[in-house]
Amino acid sequence: MDAGSAGRLVAEHLLDTLEHRVVARFDADRLIDYRARRPTMTYLTDHWESYAAPELAVHLVHDSEGMPFLLLTGPEPDREWERFTAAVGELIERWGVRLAVGFHGIPMGVPHTRPLEVTAHATRPDLVRDYRQVFSRIQVPASIANLLEFREGEAGRDAMGFAAHVPHYLSHSSYPAAALSLLDSIERATGLTLPAEPLREAKRKADVEIERQIAESDEVSEGVRALEHQYDSFAEAAGRNMLADPADMPTADELGSQFERFLAEQDGDR
């Protein structure tokens, strides 16, 4: 799950703006179920022109100050999770990685007009002491990123993850605001100097488009106002800006009918 394509946007932004080269590749044929997530091919007139093969790779990247770090990119493996996490752990050990950081977006019943929060988790409590915890104890479907963090903790190594809260009605669209929040969290956790202006510009453009489309629909505007009211009610009760318990927030199904046209219009504009 990567609501708002937040994690993907961060990874693409880093590779687009910073010097990098591939230093390791994983065997996609062993890890990816091609029929579940078919790669794309391009047909031109009378022949197949290209094939977009899936790639799981580790990139050596240098930040704006020349500090090296590693970036693992690619589709989530469909199989051999334990072997994959063990292989990543071997690379972390071999290269002396001091901190592993994961990042993605999660859909939440919050309005885009309020501060965007990030849930942080880690193998040691002091790594996330500056972040407010929204959840207590929940069970969710596993992901390879979360399993990697869990296994790193078992091995006694430092690892952490960030999940940006994306308004659920924007979860199927690219949402640069969430990517920008993730980038800021990564910077603070790692001490890296990472460029942000391209994401800021993308956020400005997306914000204008979101406001335009919401203004054109009374139903969507009403739905956003309902979320704002619920958000503010919980914030006032807590005496500070605070998210409600997700169990008490309206579900995507409850407001889904109001946002169907909104999402359809966004898909048509891209």
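In this text the structure is predicted, and so the values were computed from the model without any measurement.

Colleague: How should the overall build of the chain be read in this particular structure?
Modeller: Check the secondary structure of the chain and you find 8 helices and 8 strands. Buried residues in the chain amount to 39% of all 270 residues. The long-range share in the chain, meaning contacts at least 24 apart out of those at least 6 apart in sequence, stands at 77%. Carbon and sulfur atoms provide 50% of the accessible area of the chain, an area that totals close to 15400 Å².

Colleague: Help me understand helix α3 (residues 81–95) in this model?
Modeller: Residues spaced three or four apart along an α-helix face the same direction, because each turn holds 3.6 residues. With 15 residues, α3 extends 21 Å between its outermost C-alpha atoms, agreeing within 8% with the 21 Å of an ideal straight helix rising 1.5 Å per residue. Residues of α3 that are buried include every one of Phe84, Thr85, Val88, Gly89, Leu91 and Ile92, and no others. Down the axis, α3 shows its buried residues gathered within 160° of arc, on one side only. Facing away from the buried side of α3, by more than 90 degrees, are the exposed residues Arg83, Glu90, Glu93 and Arg94. Looking one or two residues beyond α3, the residue adopting positive phi is Gly96, at roughly 65°.

Colleague: It is not clear to me how the nonpolar core should be interpreted in this structure. Could you clarify?
Modeller: Nonpolar side chains in soluble globular proteins tend to end up buried together. Grouped together as the largest cluster of nonpolar side chains are 36 residues, with contacts concentrated most on Val10, Leu14, Phe69, Phe162, Tyr175, Leu183 and Leu194. Among the elements of the structure, α1 (6–17), β5 (68–73), β7 (118–122), β8 (159–167), α5 (176–190), α6 (197–215) and α7 (218–238) are those that each provide at least two residues to this core. Here the element with the most residues in this core is α5; it accounts for 7 residues. In contact with Leu194, not counting residues within four places along its chain, are Leu14, Leu18, Asp63, Ser64, Phe69, Leu183, Ile186 and Glu187. Counting residues in each nonpolar core, the second largest holds 14 residues, with Ile32, Val88, Leu91 and Leu147 among its members.

Colleague: Any chance you could explain the pairing of strand β3 (residues 47–51) here in plain terms?
Modeller: Two strands pair when backbone bridges link them, and strand β2 (residues 41–44) and β3 are joined in this way by 4 bridges, in the antiparallel orientation. Looking at the pairing, Leu44 lines up with His47 of β3. Between β2 and β3, which pair antiparallel and follow one another directly, the connecting turn spans 2 residues, one of which, Thr45, has a positive phi of 60°.

Colleague: What should I look at first to understand a nonpolar patch on the surface in this one?
Modeller: A cluster of nonpolar side chains, namely Met41, Tyr43, Trp48 and Tyr51, defines an oily patch on the protein surface of about 490 Å² accessible area. Elements represented by at least two residues in the nonpolar patch include exactly β2 and β3. Turning to its location among the elements, Tyr51 is positioned in strand β3. Assessed through its relative accessible area of 43%, Tyr51 is described here as partly exposed.

Colleague: What should I look at first to understand the sheet that holds β8 in this one?
Modeller: By way of backbone hydrogen bonds, the strands of a sheet pair with one another, either parallel or antiparallel. Reading across from one edge, β6-β8-β7 is the order of the 3 strands in this open sheet, with mixed pairing throughout. Lying at the two open borders of the sheet, with one neighbouring strand each, are β6 (100–108) and β7. The mean inter-strand angle of the sheet, taken between neighbouring strand axes irrespective of direction, is 20°. Sheet topology note: the β7/β8 ladder contains 5 bridges and is antiparallel. Counted as the bridge partner of Ala120 is Phe162 from β8. Lying on the sheet, helix α4 (residues 144–154) is in contact with β7 and β8; it crosses β8 at an angle near 150°.

Criteria and thresholds
Residues numbered from 1 in each chain as written. Predicted model: local features only at pLDDT ≥ 70, side-chain atom pairs only at ≥ 80, totals over all residues. Heavy atoms only, no water. Helix = DSSP H or I, 4+ residues; strand = E, 2+ residues; numbered from the N terminus. Buried < 20%, exposed > 50% of the residue type's maximum accessible area, 1.4 Å probe, protein only. Contact = heavy atoms within 4.5 Å. Areas by Shrake-Rupley, 256 points an atom, 1.4 Å probe, with all protein chains shown as cover. Expected span 1.5 Å × (residues − 1). Arc of directions from axis to C-beta. Core = buried A, V, L, I, M, F, W, Y, C linked by side-chain atoms within 4.5 Å. Pairing = 2+ DSSP bridges. Patch = residues over 30% accessible without salt bridge, like charges linked within 9 Å, V, L, I, M, F, W, Y side chains within 5 Å. Salt bridge = Lys/Arg side-chain N within 4 Å of Asp/Glu carboxyl O. Axes fitted to C-alpha atoms, helices over the stretch in contact; angles between N-to-C directions.

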